Amino acid sequence: MTGKKSGFLGLFNQNYPGNNVVFLHCVIHQDALCKSALNMKPVLDTVVKLVNTIRSRGLTHRQFRDFLQSVQSEYSDVLYYTKVSWLSAGCVFERVWQPKDDIVSFFHEKQCSAECEMLEDTEWLSDFAFFTDLLCHMNNLNIKMQGENQFNDDIWAHLKAFKLKLNICLVGS
């Protein structure tokens, strides 16, 4: 179907030379290619370790939820990260980023400051903020591209808008 000579694209180019056809391979999964270009591993590993520290111990998890409730936090818990869908990292990052000050306070109260030392490192926090924001935008793009009754040009428009937004953010910073 997509071969350069015998597929649709090849046949179309032979019959209509000089056309302005754009070939899109796996349009819906183009956003997943961004993951391979980013070095999220140091930030992701730290966030996953922090979440696992909170969630994997029953007592600590209950104390953390009670602490968030006592400080009237908007969030009631943190989310586990699943490797099945790497875009779930955006949800996990968001759920750690928003109550990060409460998480630091919780660990200081428990006298376990080493558990959250990265949340006090400004250089690491800037990387964490960047990835949180980027993954939030990518999750929104993913949702837009999954809508019903969309044509390729609709999906292509979503991708172009995302690319433009990303370029503006990168040039502006």
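Looking up the chain in an unreviewed UniProt entry gives the name General transcription factor II-I repeat domain-containing protein 2B, with the organism given as Araneus ventricosus.

Caption draft 1: Looking closely at the packing of helix 3 (residues 41-55) against helix 7 (residues 122-145). Their axes nearest at 10 Å, the elements helix 3 and helix 7 cross at an angle of 95 degrees. Looking at the two axes, helix 3 sits roughly perpendicular to helix 7. Across the interface between the two elements, Pro42, Val43, Thr46 and Val47 of helix 3 pack against Trp124, Asp127, Phe128 and Phe131 of helix 7. When grouped by side-chain class, the residues that make up the contact of helix 3 with helix 7 number six nonpolar, one polar and one charged.

Caption draft 2: Structural detail: the packing of aromatic side chains. What the rule picks out here adds up to seven aromatic pairs. Between Phe64 and Phe106, the aromatic rings sit 5.2 Å apart at their centres with planes inclined by 75 degrees, giving edge-to-face as the arrangement. Of this pair, Phe64 sits in helix 4 (residues 58-70) while Phe106 sits in helix 6 (residues 100-109); the two residues are 42 residues apart in sequence, bridging distant segments of the chain. For the pair shown, Phe64 and Phe106 are each scored as buried. Both rings, one in Trp124 and one in Phe128, keep their centres 5.0 Å apart while their planes meet at 25 degrees; by these two values the pair is stacked. In this pair, Trp124 and Phe128 both sit in helix 7, four residues apart, roughly one turn of the helix. In this structure Trp124 comes out as buried when scored by relative accessible area, which is 7%. Connected via pairs of aromatic rings, a cluster forms that spans Phe64, Phe67, Phe106 and Phe107.

Caption draft 3: Highlighting the pattern of salt bridges. Counted under the stated rule, the structure contains two salt bridges. With a closest N to O distance of 2.9 Å, Asp45 and Lys41 form a salt bridge. Of this pair, Asp45 and Lys41 are both found in helix 3, four residues apart, which corresponds to roughly one turn of the helix. Judged by relative accessible area, Asp45 falls into the partly exposed class, the value being 40%. Ionic pairing is found between Arg55 and Asp77, a salt bridge with its closest N-O pair at 3.7 Å.

Caption draft 4: Summary view of the nonpolar core. Counting 34 residues, the largest nonpolar core has Val47, Phe93, Val96, Ile103, Leu119 and Phe128 as the members making the most contacts within it. Breaking this core down by element, the ones donating at least two residues are helix 3, helix 4, helix 5 (88-97), helix 6, helix 7 and helix 8 (152-172). The element that contributes the greatest number of residues to this core is helix 7, accounting for nine residues. Setting aside residues up to four positions removed in sequence, Val96 forms contacts with Val47, Leu50, Val51, Val78, Ile103 and Phe128.

Thresholds, definitions, all that
Residues numbered from 1 in each chain as written. Predicted model: local features only at pLDDT ≥ 70, side-chain atom pairs only at ≥ 80, totals over all residues. Heavy atoms only, no water. Axes fitted to C-alpha atoms, helices over the stretch in contact; angles between N-to-C directions. Helix = DSSP H or I, 4+ residues; strand = E, 2+ residues; numbered from the N terminus. Parallel < 35°, antiparallel > 145°, perpendicular 65-115°, else oblique. Contact = heavy atoms within 4.5 Å. Nonpolar A, V, L, I, M, F, W, Y, C, P; charged D, E, K, R; others polar. Phe/Tyr/Trp six-rings, centres within 6.5 Å; stacked < 30°, edge-to-face > 60°. Buried < 20%, exposed > 50% of the residue type's maximum accessible area, 1.4 Å probe, protein only. Salt bridge = Lys/Arg side-chain N within 4 Å of Asp/Glu carboxyl O. Core = buried A, V, L, I, M, F, W, Y, C linked by side-chain atoms within 4.5 Å.

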